[in-house]
Amino acid sequence: MALYALTIQPPSTAKQAVLGDFIGSKSRQQILSACGSRLSLSEIDKEDQRFREFFSQDMFGIIRHIEKFRLTGGTKDMIALSTDSGRLVTLEYVADENILKPVHFETFGKSSIRRVVPGEYLAVDPRGRAIMVASLEKNRLVYILTRTGETNITISSPLEAHKPQALLYNLIALDVGFNYPTFAALEVDFSRADQDFSGAAVKDLDKELVYYVLDLGLNHIVRKWSEKVDRSSNMLFRIPGGDDNPGGLLCCGEDTIAYRHMHNTTEQVHRVAIPRREGATEDPNRKRIIVGGELYTIKGGEFFYILQTDDGDLFKIIFNVRKSGIRSMRIHYFDTIPVASSMCLMKTGYLYCAFESGDQLLYEMGSLAGDESDEATYDSSQFPTDPSLPYDPPFFRPRPLKNLIPTTTLPPTMGPIMAAEVANLTMEDAPQIHTICGTGSRSTFRTTRNAMNVYDLVDSTLPDKCSSIWTSKLTVDDTHDTLIVLSTHGGTTFVLRITDDVNQAYNSGFIEDTASLGIQQFGPDCVIQVHSRGIRHVRGIRFENEDAEQAMYDELTDWHAPAHRTVVACATNNRQVALALSSGEILYFEADSDGSLSKADEVISLECPINCIAIPTVPEGSVRAYFMAVGCGDQSVRIFNLSPDMDGEILKNVGMILTSAQPSAMIITHMKDKSPNGSSQYLHVGLRSGVYIRAYLDEITGDIYGSQRRFLGPEPIRFAEVVAAQDPAILAITSRPWLTYTDPRSGTITSTPLHYTPFDAAWAFKSAGFKGIVTVRGDILRIFDILSVANNTTQENIPLKYTPRKLVGYHEQQIYYVIESDNNTLDAETVAMLKAHEKSNGTGAIDKQGDTAMNGVTDTPEGSDMAVARIPYDETPAIDFGHPKAPHRWASCIEVVDPVTEKDVVHSVELRGNQCALSVALVAFESHGGELFLAVGVATDLVFAPKYQYKSGSVQLYRILQDGRKLEFFHETLLDAPPTALLAFKGRLLVGFGRDLGLFDCGRKSLLRKALTRDCSSSQIVHLTTQGGRIVVSDREQSITFVVHKEMVHPEELIPFADDTIPRYTTCVDMLDYDTTVGGDKFGNIWVLRCPPKISEGSDESNNGLQLKQDKAFLNGTPNRLELVASYFTNDIPISIQKTSIIAGGEKIIFWAGLQGTLGVFIPFLSRTSMKKLQSLELLLRIEDKPVSGRDHLAFRSYYNPVKNVIDGDLVERFLLLSHDQKQVIASQISNTDVGDLEETIANMRGLYAF
Amino acid sequence: MADKLRAQQQLEALQARYVGTGHADTTKHEWLQNIQRDTLASIIGHPPMLLYQSIAHGECREKTRIRLLERMIQPVGPPPEVRNSSHDNQTQAQ
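Everything quoted here is computed from the prediction, not taken from an experiment.

Would you mind going over the overall build of chain B with me for this structure?
Within chain B one finds 5 helices and 0 strands. Counted from the first residue to the last, chain B has its helices and strands arranged as α-α-α-α-α. For chain B, the residues scored as buried account for 26% of the 94 residues in total. Taking as baseline every contact in chain B between residues at least 6 positions apart, the subset at least 24 positions apart corresponds to 48%.

This is the structure in structure tokens:
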């Protein structure tokens, strides 16, 4: 077995984002973000404020830190990158070629992410003179950058500033102007604690703020100065320095933001405490930490900081700057946004936030100054420098956004994905991907489809039901269309005129009582109408004024088809017309100099009926298009030449392909691609069977080559030539519309369905006001536009209450049950009680300011439940402000989600008594006549750290009512340990609790145990799957165990008989067949394990399993071992894995979803030749196209375990991005293939199985 | 003898360079401590693993990172008083 790994959606949770000018455009700023192993560059379009990713590349390495730097005199920012490659890499983005060019590869240590290998921290001197890379413990290296000549940047050998037995908490470079580069680090020296037997020393370890100065003259680094800072300090921010600014840094810790600088005295340190939230549900003693921040400098040298706490509250820090330095600083509440891993404040006043969870957002700074007067402001003079001294903690009341205005929505971010399932709930042709994403109050249930989003413009009703639509200009020089011509089912034609509005127009000269076959602006100022009896040629159509409904024209000419023959198909462009007659003849016309039709003497006569014809538009600078394609009833497509050949003859057959069904439509276009010219001529053929064929049509010889097929839908295909996101594209209309376009990322031609209602006909549309695509279905005319083709999926979101953990689908009723739980969070009941209490008391629980906003409330609620209903409006909704936190508390619920009809949560059951839901299953108990129950595994008082502990574990059963849309508590059964895995098995419930596996039936008051195997796996059962009588038990640490169920003995037995050879921290598992299992682990590996056939047979041989029990345990495990079939490192934690197909009519493949938002597939190879071909290609690409992160690709994919039987499709697809010469070089090294063949194989792997 | 000395020196250089390199007298505590510190450093260093931990605890990534870093200081408790007691025994014997 060999697999082909493909990413269908790269991870979306940004690890870090950096703002800079990487193009060298001087005025514009781009966002460089690192997601998983991808680096991408994006920009915010000034005009339409749209977020546009213009570059993205897989680094094939784990990105740890990114920074930008620019040497003095440089024109653009460069990228410093630390990955797991053990190298410091500097990169330059070359805008002209759209590539990342490595500048330096400086190897400093071992690869991969280790305790003492530098790379965790990366700090760059603001003037770009030095880079410091550091590890968590001990190692720090400094590289000096200098410029030689105009463009070259040289990097020195590293200087060491190691300090053994010291942990590094944070590292920044200070702004010191042109003085020696200075770095500041937060360190803890734990050597004393390592020696101390009593354990007392660990409590009084100091945290030091250490300043390292790089002496450029002596070329060495000195530990210049250090001071003891608050033990909880975790973050540093630099203060602008140099000639005019004070310099120094902000040292942030728990409840502390302190201004410090080198050689400061206690008086020179200024500290403010972090204001705490006021409110009934907030613990007034909880201290906040700062998790991120961004400096903003106003022109003229003023600056301020915006810092974010772990609650997401933003605070503005304003400095009182005097000549002598900073005299004091003030802090006030700014706004509340979700916790961001990076914030980028742009010069244009936008704030880009890469949130840790959920969709990213772009804010506009409403008031940069952020009115200080309205907010409670705290000055550093109010607080002692030492946080251990007493002080009055500051408070603020969170409120809705005031200074920030959310603007553009950015591309959806799925990460973190908590679980996923592919299912076809709505019986569409392709299944949907259902995921539960996000954390806390920002959780969502998402339905993802492979479909392109469109932007709806107009929706109007027509007087009659129409079957075809065209738009037309009036003269060749018009910039936009004036006429919309519609052909009705009843065989009539009518005309609409486009002005500011769309109105019906009369007297346009067209024949109105016949159905049209084609409308074309022809010659300089004519419009032709092709109908079944001939051609109507109208010259000089015009309208008197803006509002005129009556058109005028100069001249009408009719050409009639020969007697007893009708026109069945036509193809037109501005200068050429071809008509197919029912007799199998094709007549050809060209435009005269005055635009009238002149028929060619040559006629093509074919033996078979003609279905469709296609002529491309006239190439620029030419008088005619060169080729015509004819789709014939004998399942062939023939190419005829329209320009005279060597013998001066036209309409000669120059090429032909055979198709699998009769062609229904054809179109020839030029589309952008990666060819040397930048575009190629393509022939698109739609068949009656719904298969779409795309092939190159040579512009000189008319040869057809490189054809690719794809099934789009069960109906005959029709085409329309349109424009999508400024580039030419093709609409293929079958049971649903598809767009064929140039994928901006790979530069290849791709097809994606549109996320739009089906329509019968479409045509490109361009008016003075807007442009787009006009479509018709029945009597509804719709106009839409495709603004971006960057994203080929659409998502529908349903907000959830808490962090979703698992989901189970009730597919017949089109609903999902989601269990949700939030650790360290106050549950809904307590929140409601506290809020009611606050209301009834009339004062807040914390009332430091005398701010009694609640004084007006006079009524006293009788009970807390009543009070819940009376709170009309929540001032701080959890979706914006998060759920209130409380240590060791759980908030948990079960929600019923209807993603199809109501698209909302339809029912919710809150768990009480500090319980949290861990696992869920839908079981039809045979003993209850197959009645469906929802089984939920819960734990009470669960604590993870420092030690996994709990009070109790139990399984709750819920009866399912009202078509699954309501849950009714049935009973609860206590177990020895929290049930972490549940599975419906043979009409009963299989429960994995702790290390034990039990089989339970449903009783009246509790579950009844039918079988139990103690210590079935070695640490904790986390997942169960089954086929037949075989159960695959996944262990938290020890991979998987195969268990067989023997029901013919009494008591029933669950016998483990095979397990794995190495530990795998399993997260998800699915069975590919009875013996083969695919799974993922916490370290990001995906592996396939197989039970040897003899052992598999042996396990099912006897009915009592006696011989299985008598087999001797082997090396503390089961008697037998599984075999490894495939292994691969993904750089994301697989959270769900499933054997399924994901496109319409696709084969079954392995689909997986990763925690950071990755969606990927593994495609089994069907042919050995294509496997060998891609394997050699992968091998060559590893050498020819080395990852720019400096990581060895083979080592990366073998991060924990050697890669086995998996070909990395992401690397293979990089082939498509290479230049033509590079492709040739690579292809020539692989036997029996060429560039086109390789491209086709690569495209087919994605096109036929995934999207 | 010189070879032995050189081997010894090389080992010491290795131990100084790569923290956690074992030697003949590695105690159980030292070994455990190194394993734990390596594990914690690995969790902090791998972004998906840090995200996984932070979701489990319902806190933001920076908080989890700090918590794990703090645990690196003394992951398995204070060192046992082994050497001291043997030293005491020796003095008593004398």
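Once the structure has been displayed, the description carries forward.
How should I be thinking about the overall build of chain A in this particular structure?
From N to C terminus, chain A includes 11 helices and 91 strands. Its C-alpha radius of gyration of 35 Å places chain A within 12% of the 33 Å reference for a compact globule of 1251 residues. Considering only C-alpha atoms, chain A reaches an extent of 110 × 90 × 75 Å along its principal axes. By residue count, 51% of the 1251 residues in chain A fall in the buried class. The long-range fraction of contacts in chain A, counting pairs at least 24 apart against all pairs at least 6 apart in sequence, stands at 56%.

Mind showing me how you'd approach the interface of chain A and chain B here?
A common measure of how large an interface is: the accessible area buried when the components associate. Contacts between the two partners involve 47 residues from chain A, matched on the other side by 33 residues from chain B. Going through the elements one at a time, strand S12 (137–138), strand S16 (163–173), helix H1 (191–195) and strand S68 (815–825) of chain A are the ones with two or more residues in the side of chain A that touches chain B. The leading source of residues in the side of chain A that touches chain B is S68 of chain A, at 4 residues. Tallied by class, the residues present in the side of chain A that touches chain B amount to 20 nonpolar, 13 polar and 14 charged.

I would appreciate a short explanation of the domain arrangement of chain A in the present structure.
Residue and element names in this part refer to chain A. Split by domain assignment, chain A resolves into domain 1 (471–717) and domain 2 (1168–1249). Taken together, the contact pairs 6 residues of domain 1 with 7 residues of domain 2. Classifying every residue of the side of domain 1 that touches domain 2 by side-chain character gives 2 nonpolar, 2 polar and 2 charged.

Help me understand the sheet that holds strand S2 (residues 16–20) of chain A in this model?
In any sheet, the strands associate via hydrogen bonds between backbone groups, in a parallel or an antiparallel arrangement. Residues and elements named next belong to chain A. The sheet built from 4 strands is open, its strands ordered S2-S3-S4-S5 with antiparallel pairing. Edge positions in the open sheet fall to S2 and strand S5 (51–58), since each of these has one partner strand only. Going across the sheet, the axis of each strand differs from the next one's by a mean of 20°, ignoring polarity. Bridging between S2 and strand S3 (residues 30–35) involves 5 bridges; their strand directions are antiparallel. What sits directly across from Leu19, in S3, is Ile31.

How do you make sense of the UniProt feature "domain: RSE1/DDB1/CPSF1 second beta-propeller" (unreviewed entry) in chain A when you look at a structure like this?
Residues annotated by UniProt as "domain: RSE1/DDB1/CPSF1 second beta-propeller" (unreviewed entry) correspond here to residues 457–785 of chain A. The straight-line gap between the two end C-alpha atoms of residues 457–785 of chain A is 7 Å; of that span, 0% is helix and 58% is strand.

Explain the sheet that holds strand S77 (residues 996–1002) of chain A to me, please; I cannot follow it from the model alone.
Residues and elements named next belong to chain A. If you trace the 4 strands from one edge of the open sheet to the other, you get S75-S76-S77-S78, paired in antiparallel fashion. Looking at the sheet topology across the chains shown, the edges are occupied by strand S75 (979–985) and strand S78 (1007–1013). Sheet twist, expressed as the mean angle between neighbouring strand axes with direction ignored, is 25°. Looking at chain direction, S75 and strand S76 (residues 988–993) are connected through 6 bridges and run antiparallel. Looking across to S76, one finds that Phe985 is bridged to Arg988.

Would you explain the packing of helix H3 (residues 47–57) of chain B against helix H4 (residues 61–73) of chain B in this entry?
Packed helices, taken two at a time, are described by the angle between their axes plus the distance between the axes. Residue and element names in this part refer to chain B. At a closest axis distance of 9 Å, the pairing of H3 and H4 adopts a crossing angle of 100°. One element, H3, and the other, H4, form an angle in the roughly perpendicular class. The segment H3 lies against H4, with Leu50, Leu51, Gln53, Ser54 and His57 engaging Arg61, Thr64 and Arg65. Tallied by class, residues from the contact of H3 with H4 come to 2 nonpolar, 4 polar and 2 charged.

What exactly am I supposed to notice about the confidence of the model for chain B here?
In low-pLDDT regions, the fine details of the predicted coordinates are not to be read closely. Overall, the prediction assigns chain B a mean pLDDT of 84, with 85% of residues at 70 or greater. The model gives residues 85–94 of chain B a pLDDT under 50, and that stretch makes 0 contacts with residues more than four places away or in other chains.

Honestly, the confidence of the model for chain A in this entry has me stumped. Any pointers?
Looking at chain A, the pLDDT average stands at 89 and 97% of residues meet or exceed 70. Taken as a whole, residues 843–872 of chain A scores under 50 in pLDDT and shows 40 contacts with residues more than four places along the chain or in a different chain.

It is not clear to me how the nonpolar core should be interpreted in this structure. Could you clarify?
Residue and element names in this part refer to chain A. In terms of nonpolar packing, the biggest core is built from 263 residues, with Ile131, Leu250, Ala935 and Val1161 touching the most fellow members. Here this core takes 7 residues from strand S71 (residues 915–925), the largest share from any one element. The contact partners of Val1161, leaving out residues within four places of it in the chain, are Leu6, Ile8, Ile1142, Ile1149, Ile1150, Phe1151, Tyr1249 and Ala1250. Ranked by size, the runner-up nonpolar core spans 101 residues in total, among them Val495, Cys526, Leu587 and Phe589.

Explanation requested: unusual backbone geometry in the structure shown.
Only a minority of non-glycine residues have a phi that is not negative, and only a minority of peptide bonds are not trans. Residues and elements named next belong to chain A. Backbone torsion omega between Ala945 and Pro946 reads 0°, so that peptide bond is classified as cis. Omega for the bond connecting His1050 with Pro1051 falls within 30 degrees of zero, at -5°, which places this linkage in the cis form. Within the secondary structure, Pro1051 is located in the loop between strand S81 (1040–1046) and strand S82 (1053–1059). For Gln635, which is not glycine, the phi dihedral falls at a positive 60°. Its identity is not glycine, yet Lys986 carries a phi of approximately 50°, on the positive side. Checked against the element boundaries, Lys986 lands in the loop between S75 and S76. Take Lys986: there are 15 C-beta atoms within 10 Å of it, and that puts it in the partly exposed class.

How should the pairing of strand S49 (residues 576–581) of chain A be read in this particular structure?
Within a regular strand, the side chains alternate between the two sheet faces. All names here are of chain A. Most of S49 is tucked away, with 6 of its 6 residues classed as buried. Across the two faces of S49 the burial is the same, with Gln576, Ala578 and Ala580 and Val577, Leu579 and Leu581 all buried. Relative to S49, strand S48 (residues 567–572) runs antiparallel, the two sharing 5 bridges. Within S49, the residue paired with Ala569 across the bridge is Ala580. Pairing of S49 with strand S50 (residues 585–591) involves 5 bridges; the strand directions are antiparallel. Each bridged residue has a counterpart across the sheet, and for Ala580 the counterpart in S50 is Ile586. Between the antiparallel neighbours S49 and S50 lie 3 residues, among them Gly584 with a positive phi of about 90°.

What is the right way to read the packing of helix H2 (residues 28–45) of chain B against H4 of chain B from this model?
All names here are of chain B. For the pair H2 and H4, the least separation of the axes is 9 Å and the interaxial angle reads 165°. One element, H2, and the other, H4, form an angle in the roughly antiparallel class. As H2 packs across H4, the resulting crossing turns out to be left-handed. Listed contacts from H4 to Arg37, Leu40, Ala41, Ile43 and Ile44 of H2 are Arg65, Leu68, Leu69, Arg71 and Met72.

Looking at this structure, how should I read the pairing of strand S51 (residues 597–605) of chain A?
Residues and elements named next belong to chain A. Relative to S51, S50 runs antiparallel, the two being bridged by 6 bridges. The residue of S51 that forms the bridge with Ala591 is Leu597. Connecting S50 to the antiparallel partner S51 that follows it, the hairpin turn spans 5 residues, and Gly595 within it adopts a positive phi of roughly 95°.

Even after reading the chapter, I still don't get the environment of Phe303 of chain A, so can you show me in this structure?
All names here are of chain A. By the element assignment, Phe303 lies in strand S26 (residues 303–309). Sequence separation between Phe303 and Ile317 is 14 residues, and the spatial gap between their C-alpha atoms is 9.2 Å. The residues contacting Phe303, other than those within four sequence positions of it, are Pro240, Leu295, Tyr296, Thr297 and Ile298.

Rules used in this analysis
- As a convention, each chain's residues are numbered from 1 in the sequence order in which they are written.
- Labels are handed out in written order, letters beginning with A for the chains and numbers beginning with 1 for the ligands.
- Where local features are concerned, this predicted model is filtered to residues with pLDDT of at least 70; where side-chain atom pairs are given and counted, the filter is 80 or more; whole-chain, interface and lining totals use all residues.
- Helix numbers and strand numbers start at the N terminus; a helix is a DSSP run of H or I with at least 4 residues, a strand a run of E with at least 2.
- Three exposure classes are used, all based on how many other C-beta atoms lie within 10 Å of a residue's own C-beta (placed from the backbone): buried at 20 or more, exposed at 12 or fewer, and partly exposed between those limits.
- With C-beta atoms placed from the backbone, a contact is any residue pair whose C-beta atoms sit within 7 Å.
- Atoms counted for the radius of gyration: C-alpha only. Globule rule: 2.2 Å times residue count to the power 0.38.
- Side-chain classes follow a simple rule in which Ala, Val, Leu, Ile, Met, Phe, Trp, Tyr, Cys and Pro form the nonpolar group, Asp, Glu, Lys and Arg form the charged group, and the remainder, Gly included, forms the polar group.
- All domain edges in this entry derive from an automatic or database-based domain assignment.
- Two strands pair under a simple rule: DSSP has to find at least two bridges between them.
- Under this scheme, a helix contributes an axis fitted over its contacting stretch, all axes are lines through C-alpha atoms, and angles between N-to-C directions fall in the 0 to 180 degree range.
- UniProt positions are given in the numbering used here, feature names are shortened, and annotations may be inferred rather than shown by experiment.
- We call two directions roughly parallel when the angle between them is under 35 degrees, roughly antiparallel when it is over 145, roughly perpendicular when it lies between 65 and 115, and oblique otherwise.
- Per-residue confidence from the predictor is given as pLDDT, running between 0 and 100.
- For our purposes the nonpolar core covers buried Ala, Val, Leu, Ile, Met, Phe, Trp, Tyr and Cys residues that link as a set through C-beta atoms within 7 Å.
- Helix crossings get a hand from a simple test, with the near helix turned counterclockwise from the far one by less than a right angle marking a left-handed crossing and a clockwise turn marking a right-handed one.

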